There are 2 protein chains.
Amino acid sequence: MKKQNNSKLRIIPLGGLEQIGMNITAFEYEDSMIVVDCGLSFPEDDMLGIDLVIPDITYLKDNIDKLKGFVITHGHEDHIGALPYVLKEVNAPIYATKLTVGLIDNKLKEHNLLKGTKRKVIKHGQSINLGAFRIEFIKTNHSIADASALAIYSPAGTIVHTGDFKVDYTPVFGDAIDLQRFGEIGKKGVLALMCDSTNAERPGFTMSERTVGKTFDNIFAEHKNSRIIVATFASNVDRVQQIINSAYKFGRKVVVEGRSMVNVIGTAAELGYINIPDKTLIEIEQMKNYADEQTVLITTGSQGESMAALSRMAASIHKKVSIKPGDTVIFSSNPIPGNEKAVSKVINELSMKGADVIFQDAHVSGHACQEEIKLIYSLVRPKYSIPVHGEYRHLKAQAGIAYNLGIPKENIKILSSGDVLELDQDDAKVVDHVQTGAILVDGLGVGDVGNIVLRDRQHLAEDGIMIVVLALEKYNNQVVSGPDIVSRGFVYVRESEDLMEEARHVVNDALDACMEKRITDWSKMKTMIRDSLSDYLWKKTKRSPMILPIIMEV
Amino acid sequence: MKKQNNSKLRIIPLGGLEQIGMNITAFEYEDSMIVVDCGLSFPEDDMLGIDLVIPDITYLKDNIDKLKGFVITHGHEDHIGALPYVLKEVNAPIYATKLTVGLIDNKLKEHNLLKGTKRKVIKHGQSINLGAFRIEFIKTNHSIADASALAIYSPAGTIVHTGDFKVDYTPVFGDAIDLQRFGEIGKKGVLALMCDSTNAERPGFTMSERTVGKTFDNIFAEHKNSRIIVATFASNVDRVQQIINSAYKFGRKVVVEGRSMVNVIGTAAELGYINIPDKTLIEIEQMKNYADEQTVLITTGSQGESMAALSRMAASIHKKVSIKPGDTVIFSSNPIPGNEKAVSKVINELSMKGADVIFQDAHVSGHACQEEIKLIYSLVRPKYSIPVHGEYRHLKAQAGIAYNLGIPKENIKILSSGDVLELDQDDAKVVDHVQTGAILVDGLGVGDVGNIVLRDRQHLAEDGIMIVVLALEKYNNQVVSGPDIVSRGFVYVRESEDLMEEARHVVNDALDACMEKRITDWSKMKTMIRDSLSDYLWKKTKRSPMILPIIMEV
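Quick caveat, the model's predicted, so the values are computed rather than measured.

**Digging into the UniProt feature "active site" (unreviewed entry) in chain A**
All names here are of chain A.
Inference 1: As recorded in UniProt, the feature "active site" (unreviewed entry) lies at Asp-196 and His-367. Considering the C-alpha atoms alone, the annotated residues occupy 172 residues of sequence yet fold into one spot, their largest mutual distance being 7.5 Å.
Inference 2: In this structure, Asp-196 sits in the loop between strand 12 (190-194) and helix 6 (210-222).
Inference 3: Those residues in contact with Asp-196 that lie beyond four places of it in its chain are Thr-162, Gly-163, Asp-164, Phe-165, His-367, Ala-368, Ile-373, Val-388, His-389 and Gln-398.
Inference 4: Relative to the helices and strands, His-367 is located in the loop between strand 17 (356-358) and helix 11 (370-380).
Inference 5: The buried category is assigned to His-367, whose relative accessible area is 15%.
Inference 6: Setting aside residues up to four positions removed in sequence, His-367 forms contacts with His-142, Asp-164, Phe-165, Lys-166, Asp-196, Thr-198, Asn-199 and Thr-206.
Inference 7: Here the side chain of His-367 touches Thr-198 through a polar contact of 3.3 Å, side chain to side chain.

The structure is reproduced here in structure tokens:
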């Protein structure tokens, strides 16, 4: 470590605060910068037509000379998903554990970025030096294997960043969280703790992943005569391992279905993160060679995603598997907020087809509840608390925990994305605010859909559009053709011919009024058409379709 | 009762099965028909722009000669909300308890239907004769006062319909559910039980409404120094009563805010269903004359509805109340499935403004859990079980309960809307299926938005629209003006001028191709324009806006 000097550490979250997802945080010390995580988020309900959302990284582009690399805590989309987009703008080496790098590589391959990007696999306990920083990877537990906390050593002090984590004393794969190391680092003095807030509102302890295995065993024992289908998160390798364990124990073959599930399990198997007994895995085409009670199908779709394998099976549009009476379907998942209705729809469809649907006790969270958060604070004993990962309500809940554990209110920093927190042993304060934001990805377009387009989509979605076309003679503004009125998404025209006919009269009256008032400016004419038609339609229907007058010059 | 003869009873649900809401069921015996409940449902996520959904009552119109009246179990929207629309098509007398009639009257007033509609207030324990039927109103408990179960006596046997209910031994207002009467009727022999399935997946007993009052007292005691704001369902009069009780106990004045809240409390107070101590209620304008710790504000918006009072306060767009640090906001509600994210958004906004948000233990359900359902089955001991009120998964859960209580599988009838169940002491089977469906209400339009319009709205919402206008000479199809291209909701044009320019070339090429192939039919020309532009845009953007070619004749 360099000798302590007078510079301060700067922590700049570029996303991930006051929201779930899009985690990305810059750490700066003098002319060194590292970035922890680079995730995407999924579109909000009002982001119509948007596929995914990535962070605005203007700040990284402006400081690319300082950037030493991306340090990634684990392989979930909200921590790695923006990498392919961000790397196209600011290329820097990536440091992560083996499975995390494996999952990142899959993404880079898809975007043709594998060749141009340096990736380095780091083991738990190992450190890397990046400019003024040393970063140590610490073993944690989470709903994906190979998750890490980070100890970020800088001349201004040490930051512990938990990443997403839980405390699992009996994990399915590998070791329990390295609580000793948290204690050891804490004993030496930690400037700030950045701790996962996702479950900070929930009292108690999150159950061990292993408890789900027992539930599977019980369900398999109770449903010996039926085909079993289990839906879970593609990235939860330990969960899939436990399903395979139960299948093996009960003499069943396993089929893996759903593109992302096949990908992740493939990568995990290749890298040794999952242990599949010989001749246990079969192809989906082979299922027909086995009796129902000899098979287990592990599938995507636990969130009711309409295009996922389970939803297609439930709707009878899956090419290879149909749900039939007697099937047992297990949801090994909880609905993520916002997905409740979609999940319920799939449960209903499965039930109607005669399946026995089980959606209780077959899931545990991957995030620490209140008692685990208290444990980490007690081991690390930071000077400052910086709650991360979560909506404002979650950050505030963690702030409450930190306060109850004795951290003074002024040392608890709830940041917003873009805040520049400068800190050292003497002080921590927000000194600046940099540009951040959400870049919307729609098809191939990155950032070409903004607020105006979204507002138009919302308007079109609500009430549709009415287009008024007319052709005017160049010199005297005489109507040569039209007005023609076309509508879409407004009202089914055959049922409303009178309304359309009257609308045409309204437009003609507006045109007459323009003539009388000698209005010849086309934009004024369009406004008059729009206003009078809008008034008429609102009076008649209490609806406000988008009205789009188009004048052609002939 | 008439002497038993050979006719059968017909039960025809016209809505409310396999869905939450839109409860309406016809009961027919020979030439007598009654309808139990007449509710609306709220639009699904894919019903863009739709305000509410009402049942298709073609069957009632076709059998209007038989219709003796509407019998309403309680005053929730999913049981009374379609009445104004349905009465315009099939007018018949309405029978319900006092508060229920009061709430129906409010609706009829709004729709100018009060004068033309006969309403009759029925007391619990009282019966009415409607053609071949006698209907007895039985006291139950629910999240709205004056809820009733119905005993429907017909020559073919007795049906017990619980309506929405819970068992509350210590209700806030009035009596507990009349379990004795359920037992007495059961003892005499019940043909079928139609029982609320909403909570049939939940084990145990629903807590008494009174327990929420204790929670309020505790919260009021703990937050003596802050203004208290409570959000709850407008129709839960007993909940409001308990908030008023706590306010009075702690010497606070009460303000009621939100249109539906003011309406329901007004009606309830007028009819004696709520007891407000003198000088407790103040107008919202008077709040400024009292210290924060002297006031309680009861408001709508517990479901995160963007236009409700609480959401407007949270977003600082409420005209009279702003959230400030130190406020205590209680959500006395659970999010209805689908509203989780909206509720969370409001909680985040309130927290950011410094409010202390409480959303635990301040609510109980209004629906019976498994043990209560078992209790009703054990009192009524019906021959047939017909689970009602709920999605398929809930109906199936109740079917499981009925089966476990000894009702044979073949006597448990999970119906779909439109099924005609014919039953008597010997048999119960679905013999027919009548027309049912969802009629969409959008503004003043009832049923003028169908699948085509919804599909267009979905398409417009996803990718927007691109309009191609050209003016052609009548005789030789020569392009006189255009092609002009206008887009909305597709891409922000200033950022994509090249794309629009290229699109114009693509259209011109398509027109040239038409010329070459001597295609003069306008619909063919439009198809060629649409196809080539669609291909081009997909290749360039991986998006599929709606493409609308308009040709003007000049």
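**What about the relation of the copies chain A and chain B?**
Copy one and copy two of the chain differ by a rotation about a common axis and a shift along it.
Inference 1: Of the transformation superimposing chain A on chain B, the axial component is 0.1 Å and the angular component is 180°, with the fit at an RMSD of 0.2 Å. Both copies of the chain, as the preceding transformation shows, are related through a two-fold rotation axis. By C-alpha distance to the rotation axis, the residue of chain A lying nearest is A:Ala461, at 2.4 Å.

**Things to note about helix 8 (residues 259-270) of chain A**
Residues and elements named next belong to chain A.
Inference 1: When the terminal C-alpha atoms of helix 8 are compared, their 17 Å separation across twelve residues agrees well with the 16 Å that a helix rising 1.5 Å per residue should span.
Inference 2: Burial in helix 8 covers these residues: Met-261, Val-264, Ile-265, Thr-267 and Ala-268. Projected down its long axis, helix 8 carries its buried residues within an arc of 160°, all on one side. With respect to the buried face of helix 8, the exposed residues turned more than 90 degrees away are Arg-259 and Glu-270.
Inference 3: Packed against the buried residues of helix 8 are helix 4 (98-110), helix 7 (237-249), strand 14 (253-257) and strand 15 (295-299).
Inference 4: Just downstream of helix 8, Gly-272 is the residue with a positive phi angle, here 85°.

**What about the UniProt feature "binding site: substrate" (unreviewed entry) in chain A?**
Residue and element names in this part refer to chain A.
Inference 1: Per the UniProt record, "binding site: substrate" (unreviewed entry) is annotated on Ala-234, Ser-235, Asn-236, His-363, Val-364, Ser-365, Gly-366 and His-367.
Inference 2: Among the secondary structure elements, Ser-235 is positioned in the loop between strand 13 (228-231) and helix 7.
Inference 3: Using a relative accessible area of 17% as the deciding quantity, one classes Ser-235 as buried.
Inference 4: For Ser-235, the contacting residues outside a window of four places in its chain are His-76, Ser-143, Ile-144 and Val-264.
Inference 5: The residues contacting His-363, other than those within four sequence positions of it, are Val-212, Phe-233, Arg-239, Ser-332, Ser-333 and Asn-334.

**Remarks on the packing of aromatic side chains**
Inference 1: Using the criterion set out here, one finds six aromatic pairs over all chains in the structure.
Inference 2: Centroid distance A:Tyr169 to A:Phe205: 6.4 Å. Interplanar angle 40°. Geometry classified as tilted. Remark: A:Phe205 occurs in the loop between strand 12 and helix 6 and A:Tyr169 occurs in the loop between strand 11 (157-161) and helix 5 (179-188); sequence separation between them is 36 residues.
Inference 3: Judged by its relative accessible area of 42%, A:Phe205 falls in the partly exposed class.
Inference 4: Each ring, one from B:Phe173 and one from B:Tyr273, has its centre 5.2 Å from the other, and the planes form 35°; the classification is tilted. Of this pair, B:Phe173 sits in the loop between strand 11 (157-161) and helix 5 (179-188) while B:Tyr273 sits in the loop between helix 8 (259-270) and strand 15 (295-299), and the two are 100 residues apart along the sequence.
Inference 5: Taking relative accessible area as the criterion, B:Phe173 reaches 30% and is therefore assigned partly exposed.
Inference 6: Here the guanidinium or amino end of B:Arg134 rests over the ring plane of B:Tyr153, the centre of that ring lying 4.2 Å away.
Inference 7: A cation sits over an aromatic face here: B:Arg543 above B:Phe490, 5.8 Å from the ring centre.

Rules used throughout
For every chain, the first residue of the written sequence is number 1, and numbering continues from 1 onward in sequence order. Each chain takes a letter, starting from A, and each ligand takes a number, starting from 1, following the order in which they are written. pLDDT decides what is reported in this predicted model: residues at 70 or higher carry local features, side-chain atom pairs at 80 or more are listed and counted, and totals for whole chains, interfaces and linings draw on all residues regardless. Only hydrogens and water are set aside; all other atoms, that is, all heavy atoms of the structure, feed into the side-chain values. UniProt positions are given in the numbering used here, feature names are shortened, and annotations may be inferred rather than shown by experiment. A run of H or I in DSSP counts as a helix once it spans at least four residues, and a run of E counts as a strand once it spans at least two, with each numbered from the N terminus. Here, residues are in contact when the closest pair of their heavy atoms is within 4.5 Å. Here the term buried applies to any residue with accessible area under 20% of the maximum for its type, exposed to any over 50%, and partly exposed to those in between, with areas from a 1.4 Å probe on protein chains only. Under this definition, polar contacts are N or O atom pairs within 3.5 Å; protein pairs additionally need one hydrogen-donor-capable and one acceptor-capable atom, and for neighbouring residues in sequence, both atoms have to be side-chain atoms. We place the copies in one frame by least squares, fitting the C-alpha atoms of every residue whose pLDDT is at least 70 in both. To estimate how far a helix should extend, the number of its residues minus one is multiplied by 1.5 Å. This arc corresponds to the set of directions leading from the helix axis out to the C-beta atoms. Aromatic rings from Phe, Tyr and Trp, taking only the six-membered ring of Trp, are treated as a pair when their centres fall within 6.5 Å; an angle between ring planes under 30 degrees marks them as stacked, one over 60 as edge-to-face, and anything in between as tilted. Lysine and arginine charges are scored as sitting over a ring when NZ or CZ, respectively, is within 6 Å of the ring centre and within 35 degrees of the ring normal.

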